[in-house]
Amino acid sequence: MLNFAVHLIAAKMPDKNYDFKIEKTTHSRLKEIDFDALQFGRVFSDHMLLAEFEEGEWKSVKIQPYQELAFSPASCVFHYGQAIFEGLKAHKTASGEILIFRPDQNLERMNKSARRLCMAEVPEEIFIDGIKKLIDIDRNWVPDGDGKSLYIRPFLIADDDFLGVKPSAKYKFMVITSPTANYYSGAVKVKVERTYSRACEGGIGAAKAAANYAASLYPAQQAQKAGYHQLIWTDAKEHKFIEESGTMNLMLRIGDQLVTPSLDAQTILPGITRASIVALAKNWGYDIVERKVAVDEIVEALNNKTLKEAFGMGTAATIAPIELIGIDGVDYELSDFHNWDFANKVKNHLEGLKRGKVADEFNWIQKV
Ligand code: COI
């Protein structure tokens, strides 16, 4: 198995307390937002976090009004693509508390991605405390209501103004937030991709790198022109085994077994929703396995009607049921997802947890 944690210039994380400078806006845009017509990721709340790394340390951390920033045209993120990001959500409970789901996992994954792309790691205090301070300041931006949340987008970019190809010595870590509705509004149609690849063994598929999303756009656009919402990626070597779908991990229920592609080859993004669903399924006593899943096995299960459920799992989408799978020119329809036992149970459980309605057995929830 390949080692994802390649260290080259991973910056040492100084063990210190950061002085958060806070500048609040004098012109809130809150009243301009139609919270009944939210889409995913279209509008941004009043404040953002900005931390700057240079000379081997995180020098400044600010929460400031959301604003455009100036960059040198030579900034290396524009040329060599050292850019990674995360995604998590804040939800409001019935009593008005604000909860976030497993931010520690986002921090861990961001720093794994940072190591793989030779970027400075972000200290916990800047990432977790920074997110909490930011959400606290913009707490009125966390929407109420089914499927609505404040999407939190932490991201890290390289900004040395130098055109030599090497890891940058300067970074900016930022967090912006966006009151948002679910990524997909209903069930999705997906196509198994047999030509293009999202990631290969030895590549950066397990990192949440902007480049992975850039690589996905053209093949996804082709699939969208053919009437699908997204692709199911297959392995880059033989295009025989499924990996993930669009921006989500995949779960299938074949017979009575839940099956999700294993992360062993380091080509799949290790989703936090995926890990949470695997943990819940095990805890509830479901038969669940993480293993290679061949496209042929899916065709067989579709033909003999043993593919009982199939859904994408991700932060933005939570659970996106699949209603149709296109494989090698044949479209296979799945049964009505409203009747699926596991997908609906786990979706309601996760929604309940995130809104404080369900006991938090695993200590996944943090209060802002
Ligand atoms: C997620 O669901 O985790 C995402 O990162 C989705 C985003 C790329 C829109």
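Residues numbered from 1 in each chain as written. Predicted model: local features only at pLDDT ≥ 70, side-chain atom pairs only at ≥ 80, totals over all residues. Heavy atoms only, no water.

Undergrad: Hey, could you run me through the domain arrangement of the protein in this one?
TA: It is common to give the size of an interface as the accessible area that goes away when the parts come together. Taken as a whole, the protein is organised into domain 1 (2-180) and domain 2 (188-356). Every contact between the two is made by 27 residues of domain 1 and, on the other side, 26 residues of domain 2. In this structure, the connection of domain 1 to domain 2 is made through 0 salt bridges. In this assembly, domain 1 and domain 2 are joined by 11 residue pairs in polar contact (both at pLDDT 80 or more). The set of elements that each furnish at least two residues to the side of domain 1 that touches domain 2 consists of strand E4 (83-85), strand E5 (88-92), strand E6 (98-101) and helix H2 (103-116). The biggest single contributor to the side of domain 1 that touches domain 2 is H2, with 5 residues. (Domains from an automatic or database assignment. Contact = heavy atoms within 4.5 Å. Salt bridge = Lys/Arg side-chain N within 4 Å of Asp/Glu carboxyl O. Polar contact = N/O pair within 3.5 Å; in protein donor to acceptor, adjacent residues only side chain to side chain. Helix = DSSP H or I, 4+ residues; strand = E, 2+ residues; numbered from the N terminus.)

Undergrad: Looking at this structure, I do not really get the pairing of strand E9 (residues 188-192). What am I missing?
TA: Remember that side chains alternate between the two faces of the sheet whenever the strand is regular. Burial along E9 is one-sided: Val-188, Val-190 and Val-192 are buried, while Lys-189 and Lys-191, pointing the other way, are not. In this structure, E9 lies alongside strand E16 (residues 318-327), joined through 4 bridges in parallel fashion. Counted as the bridge partner of Val-190 is Ile-325 from E16. Bridge analysis of E9 against strand E10 (residues 230-234) gives 3 bridges, and the strand direction is parallel. (Buried < 20%, exposed > 50% of the residue type's maximum accessible area, 1.4 Å probe, protein only. Pairing = 2+ DSSP bridges.)

Undergrad: Explain the site of the ligand to me, please; I cannot follow it from the model alone.
TA: In the vicinity of the ligand, the contacting residues are Phe-40, Phe-85, Tyr-151, Arg-153, Tyr-183, Lys-208, Tyr-213, Thr-247, Gly-314, Thr-315 and Ala-316. At 3.0 Å from an oxygen atom of the ligand is found a main-chain nitrogen or oxygen belonging to Thr-315. In the environment of the ligand, an oxygen atom lies 2.7 Å from a nitrogen or oxygen atom belonging to the backbone of Ala-316. In isolation the ligand has 280 Å² of accessible area, and contact with the protein removes 92% of it. Looking at the shell around the ligand, you find at least three residues from each of domain 1 (2-180) and domain 2 (188-356). (Near = heavy atom within 4 Å. Areas by Shrake-Rupley, 256 points an atom, 1.4 Å probe, with all protein chains shown as cover.)

Undergrad: Please clarify how a nonpolar patch on the surface should be interpreted in this entry.
TA: There is a patch of nonpolar side chains on the surface, built from Tyr-80, Leu-163 and Val-165 and spanning about 320 Å² of accessible area. Relative to the assigned elements, Leu-163 resides in the loop between strand E7 (149-158) and strand E8 (171-180). (Patch = residues over 30% accessible without salt bridge, like charges linked within 9 Å, V, L, I, M, F, W, Y side chains within 5 Å.)

Undergrad: Can you walk me through helix H4 (residues 210-225) in this structure?
TA: Each turn of an α-helix holds 3.6 residues, which means side chains three or four residues apart point in the same direction. For H4, built from 16 residues, the straight-helix expectation of 22 Å at 1.5 Å per residue is met to within 8% by its first-to-last C-alpha distance of 23 Å. Looking at H4, one finds that the buried residues are Asn-212, Ser-216, Pro-219, Ala-220 and Ala-223. (Expected span 1.5 Å × (residues − 1).)

Undergrad: Sorry if this is basic, but what is going on with the packing of aromatic side chains here?
TA: Two numbers describe a pair of aromatic rings. These are the distance of the centres and the angle of the planes. A complete count under the given rule lists 16 aromatic pairs for this structure. The interplanar angle of 65 degrees and the centroid separation of 5.2 Å between the aromatic rings of Phe-53 and Trp-58 together place this pair among those described as edge-to-face. Across the pair, Trp-58 and Phe-53 agree in class, each one buried. Both rings, one in Phe-362 and one in Trp-364, keep their centres 4.7 Å apart while their planes meet at 15 degrees; by these two values the pair is stacked. With a relative accessible area of 34%, Phe-362 lands in the partly exposed category. Looking at Trp-364, the relative accessible area reads 6%, which means it is buried. Aromatic rings pair up to connect Trp-284, Tyr-286, Phe-311 and Phe-342 into one cluster. The cationic tip of Lys-292 hangs over the ring face of Phe-241; the distance from NZ or CZ to the ring centre is 4.3 Å. Over the aromatic face of Trp-284 sits the side chain of Lys-345, whose NZ or CZ is 4.5 Å from the ring centroid. (Phe/Tyr/Trp six-rings, centres within 6.5 Å; stacked < 30°, edge-to-face > 60°. Lys NZ or Arg CZ within 6 Å of the ring centre and 35° of its normal.)

Undergrad: Can you help me understand the side chain of Ser-168 in this one?
TA: The residue Ser-168 is located in the loop between E7 and E8 in this model. Overall, Ser-168 belongs to the buried group, its relative accessible area being 2%. Looking at Ser-168, its side chain comes within polar contact range of the main-chain oxygen of Lys-170, at 2.7 Å.

Undergrad: Explain the nonpolar core here, please?
TA: Note on soluble globular proteins: their nonpolar side chains tend to be buried together. Judged by nonpolar contacts, the single largest core of 48 residues is most densely connected at Ile-277, Ile-298, Leu-307, Ile-325 and Ile-327. When neighbours within four sequence positions are excluded, Ile-327 is seen to be in contact with Val-192, Arg-194, Val-295, Ile-298, Val-299, Leu-302 and Tyr-332. Ranked by size, the runner-up nonpolar core spans 41 residues in total, among them Ile-98, Met-110, Phe-173 and Ala-207. (Core = buried A, V, L, I, M, F, W, Y, C linked by side-chain atoms within 4.5 Å.)

Undergrad: Would you take a moment to explain unusual backbone geometry for this structure?
TA: Excluding glycine, residues mostly have negative phi values, and the peptide bonds linking residues are mostly trans. Located in the positive-phi region is Arg-102, a residue other than glycine, with phi close to 50 degrees. Note on placement: Arg-102 falls in the loop between E6 and H2. Despite not being glycine, Asn-363 shows a phi value in the positive range, around 55 degrees. Here Asn-363 is to be found in the loop between helix H7 (341-354) and strand E18 (365-367).

Undergrad: Would you explain the packing of helix H5 (residues 272-283) against H7 in this entry?
TA: Contact geometry for H5 and H7: axes closest at 11 Å, N-to-C directions at 110 degrees. Compared by their axis directions, H5 and H7 come out roughly perpendicular. Crossing handedness for the pair H5 and H7: right-handed. Along the contact surface, H5 presents Thr-273, Ser-276, Ile-277, Leu-280 and Ala-281, while H7 presents Phe-342, Val-346, His-349 and Leu-350. Residue classes in the contact of H5 with H7 are distributed as 6 nonpolar, 3 polar and no charged. (Axes fitted to C-alpha atoms, helices over the stretch in contact; angles between N-to-C directions. Parallel < 35°, antiparallel > 145°, perpendicular 65-115°, else oblique. Left-handed = near helix turned anticlockwise from the far one by under 90°. Nonpolar A, V, L, I, M, F, W, Y, C, P; charged D, E, K, R; others polar.)

Undergrad: What am I meant to see in a negative patch on the surface here?
TA: On the surface, Asp-104, Glu-108, Glu-124 and Asp-129 cluster together into a patch of negative charge. When residues of the negative patch are traced back to their parent elements, those giving at least two are H2 and helix H3 (124-137). Here Asp-104 lies in helix H2. A residue is classified by how much of its surface remains accessible, and Asp-104, at 35% relative accessible area, is partly exposed. (Lys, Arg positive; Asp, Glu negative; His and termini not counted. Charge placed at Lys NZ, Arg CZ, Asp CG, Glu CD.)

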